[in-house]
Amino acid sequence: MAISLVSCNDDDNTMEPVGATHGELTLEYDNVVGNRDLALDTDTYTNAANEPFTVSTFNYYVSNIKFYKADGSSYVVPQDSSYFLIRESDPSSQEITFKNVPVGDYTAVEFMVGVDSLRSVSDVSKRIGVLDPAYSEVMYWAWNSGYIFMKLEGESDVIDTPNGKYNFHIGLFGGYETKTLNNLKTVKVDFGEHKASVTGELSPQIHLLTDVEKIFSGSTTVSLAATPVVMTSDYSKNIAANYTSMFSLDHIHAD
Amino acid sequence: MKLLNHTILWGFALSSLLFSCKSGSTDTPEPIASGPTPIDWTKPAHFPDPVYDISKNPLTEEGVELGRFLFYDGILSRNGLIGCGTCHQQAAAFTHHGHELSHGIDDRIGVRNALPIQNMAWNTSFFWDGGVHNLDLFPPAPIQNPVEMDETFDNVLQKLRDTDKAGTTSRVNYPQMFEKAFGTKEITSERMLKAMSQFMVSMVSATSPYDYYLQGDQAALNSLQKEGLSIFKQKCAGCHSGTLLTDYSFRNNGLPPNKINDIGRADITLLDEDKYKFKVPSLRNVALTGPYMHDGRFSTLEEVLDYYDNNQKSSKLAVVELSPTLDSLLKLDPARAGIRISSTEKAALLAFLTSLTDEQFTKDIRFADPGIGNAF
């Protein structure tokens, strides 16, 4: 598969400078629920607690991205260009292309789910793009200065409130003055026997799956009936711990 | 003296020489310097260094003026009526005088008493629970709070951008004001927040009788006030310390939890040890900022002192709650929680507290509503 894709690209070879040192690499976050694609509002899924649920909003920040080579060396995406908000409602947000990636065979990607503590307390001039507190998707707690790292919302018949809605807003970077809960999680996805080969000609696409089902399972089985609203509470740490395992590699397009 | 003049002249000559070299190279006359007029902001001599980093947001006349308009303009709220100045009124040292809890948009009631806006550059955190750690990040909170302004920050920026469009109902052309303050008409979160910070940083209260006393004017306080000051130092300054009359810490002063069981600082830190702790407020202008406490439960300073005295024989307010987080300074008397204050001491303390009223500040036209606000 990879080989045939490479040969398709042969026509372009003349355009590439000999001995290119840098190339492009794309990271794709494909949101799914178990073995089904995630569809907002329309589809009903079942969580580990055997509760039916729909999803109306699914957003999460990824930041501090780092690509590893087999020899353990790595390419760290420049800090100011390393904050992204993945939104199920916006397909263009789910594909991130990095330019100027040193050529080489990459075997793993590491990233933080959320916004690191340094940026969480930075001057407002550093809060641009998806970090802008005016950002329309409102991934920011104004009353408790900090970003919402992961937001999952929807409905479930098992929720005993008038609107039957659940809201998981998971954030908390460890506190500014007082040391408090830190839900920042760093995730490393190993590509196994696959690799992403960045060359002058090849701009591989790393296709990751983000499985919403994992938010409800793992070290804690999260019940929508028991905890339909989880925001700045201690319980949020259970959901953060669960979602560290929601990322996996699906495949890598070589070109 | 002659030598000094000589040096200054040389300095001028040198700088104009440099100038002409620069402009000479492009063959165009140097444009007359325009842009915002810097304000040389200096802290009052008897104040500590500010916490706010003014080097990252240098004050300008146009920036402060823009901030003042934004502070008072109801455009920040969903219905166009509620500005910051609605609940933070100058005559009451920028509090909502007479309101235990403020009523914001559609007369919805908040859960805590509006804190004064003064000397913000020295605040280490904001709100009664310290949930906001930087002045620049403060405005989105009341804007987005459903019981205050109930608007999105994003939409506020859009409404501000639209004020130079045909058919606008705004009396203020904000793109023009942003251009004066920042060089272009672009309206961003950073510019909007920094303009508001500039205005709030400029709101310094440092000209009360107590300030004059601190700076050496012995006659600024009368003898009863001086007596009150000495009692204050013994019995109150453990928390209300320093020139700003607060140590900015969070403490549980024993108030029994109110109906909504407001746990204060613990809402932010999620720590049991912070339950029922609230920020120690500055006492500057305290005679103007009633009602008192985080939920405005006491309407007078007499009640506040009676509460701290916690004497069940003299006060119906004597209810200091012995919770696990009660501040140790309220447990100094093994016989009874609270702070022992006799009635003569109370009179002296009350007299001292009035010396913290800064009328220059509450009447300073630089901080006044430019004529666009609504106060209810």
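What you see is a predicted model, and the numbers here were worked out from it, not measured in a lab.

**Observations regarding the interface of chain A and chain B**
Opposite the 26 residues of chain A that make contact, chain B presents 27 residues. Approximately 2100 Å² of surface area, both sides summed, lies buried where chain A meets chain B, with 57% of it carried by carbon and sulfur atoms. When the area that chain A buries against chain B is broken down by residue, the three leading residues are Val-124, Ala-134 and Ala-142 of chain A, summing to 23%. For Asp-123 of chain A, the salt bridge is made with Lys-194 of chain B, and the minimal N-O distance between the two is 3.0 Å. At the junction of chain A and chain B, the tally comes to 5 residue pairs in polar contact (both at pLDDT 80 or more).

**Focus on the domain arrangement of chain B**
Residues and elements named next belong to chain B. The domain boundaries assigned to chain B delineate domain 1 (54-204) and domain 2 (209-359). Here the C-alpha centre of domain 2 lies 29 Å away from the C-alpha centre of domain 1. Counting from both sides, the interface comprises 27 residues of domain 1 and, opposite them, 23 residues of domain 2. The contact between domain 1 and domain 2 buries some 2000 Å² in all, and 53% of this surface belongs to carbon and sulfur atoms. Summed over the three residues of domain 1 that lose the most area to domain 2, namely Arg-112, Trp-128 and Asp-129, the buried surface amounts to 29% of that side. Inspection of the region where domain 1 meets domain 2 yields 2 salt bridges. For Arg-112, the salt bridge is made with Asp-262, and the minimal N-O distance between the two is 2.7 Å. For the pair domain 1 and domain 2, the interface holds 12 residue pairs in polar contact (both at pLDDT 80 or more).

**Points about unusual backbone geometry**
In this structure, the amide linkage connecting Gly-290 of chain B to the following residue, Pro-291 of chain B, adopts the cis form with an omega of -5°. By secondary structure assignment, the location of Pro-291 of chain B is in the loop between β2 (278-279) and α11 (301-309). Positive phi is not limited to glycine here, since Leu-172 of chain A has a value of about 85°. Along the chain, Leu-172 of chain A falls in the loop between β12 (165-171) and β13 (185-190). Here Leu-172 of chain A falls in the buried class, since its relative accessible area comes to 8%. Backbone geometry at Asn-119 of chain B places phi at a positive 50°, although glycine is not the residue there. In this fold, Asn-119 of chain B is placed in the loop between α3 (84-87) and α4 (140-144). With relative accessibility at 2%, the residue Asn-119 of chain B sits in the buried group.

**What about the confidence of the model for chain A?**
Put simply, chain A has an average pLDDT of 91, and 93% of its residues get 70 or more. Below pLDDT 50 for its whole length, residues 1-14 of chain A participates in 7 contacts with residues either more than four positions away or in separate chains.

**Comments concerning the pairing of strand β5 (residues 57-69) of chain A**
All names here are of chain A. In terms of burial, β5 is largely enclosed, as 10 of its 13 residues are buried. Pairing geometry for β5 and strand β7 (residues 83-87), over 5 bridges, is antiparallel. Counted as the bridge partner of Tyr-61 is Leu-85 from β7. As defined by bridge partners, β5 adjoins strand β9 (residues 104-113) across 6 bridges and the pair is classed as antiparallel. Within the sheet, the bridge partner assigned to Val-62 lies in β9 and is Val-113. Sheet topology places β5 next to strand β6 (residues 74-76); 3 bridges connect them, and they run antiparallel. Counted as the bridge partner of Lys-66 is Val-76 from β6.

What counts as what
- Residues numbered from 1 in each chain as written.
- Chains lettered and ligands numbered in written order.
- Predicted model: local features only at pLDDT ≥ 70, side-chain atom pairs only at ≥ 80, totals over all residues.
- Heavy atoms only, no water.
- Contact = heavy atoms within 4.5 Å.
- Buried area = accessible area lost by both parts, 1.4 Å probe.
- Salt bridge = Lys/Arg side-chain N within 4 Å of Asp/Glu carboxyl O.
- Polar contact = N/O pair within 3.5 Å; in protein donor to acceptor, adjacent residues only side chain to side chain.
- Domains from an automatic or database assignment.
- Helix = DSSP H or I, 4+ residues; strand = E, 2+ residues; numbered from the N terminus.
- Buried < 20%, exposed > 50% of the residue type's maximum accessible area, 1.4 Å probe, protein only.
- pLDDT = per-residue confidence, 0-100.
- Pairing = 2+ DSSP bridges.

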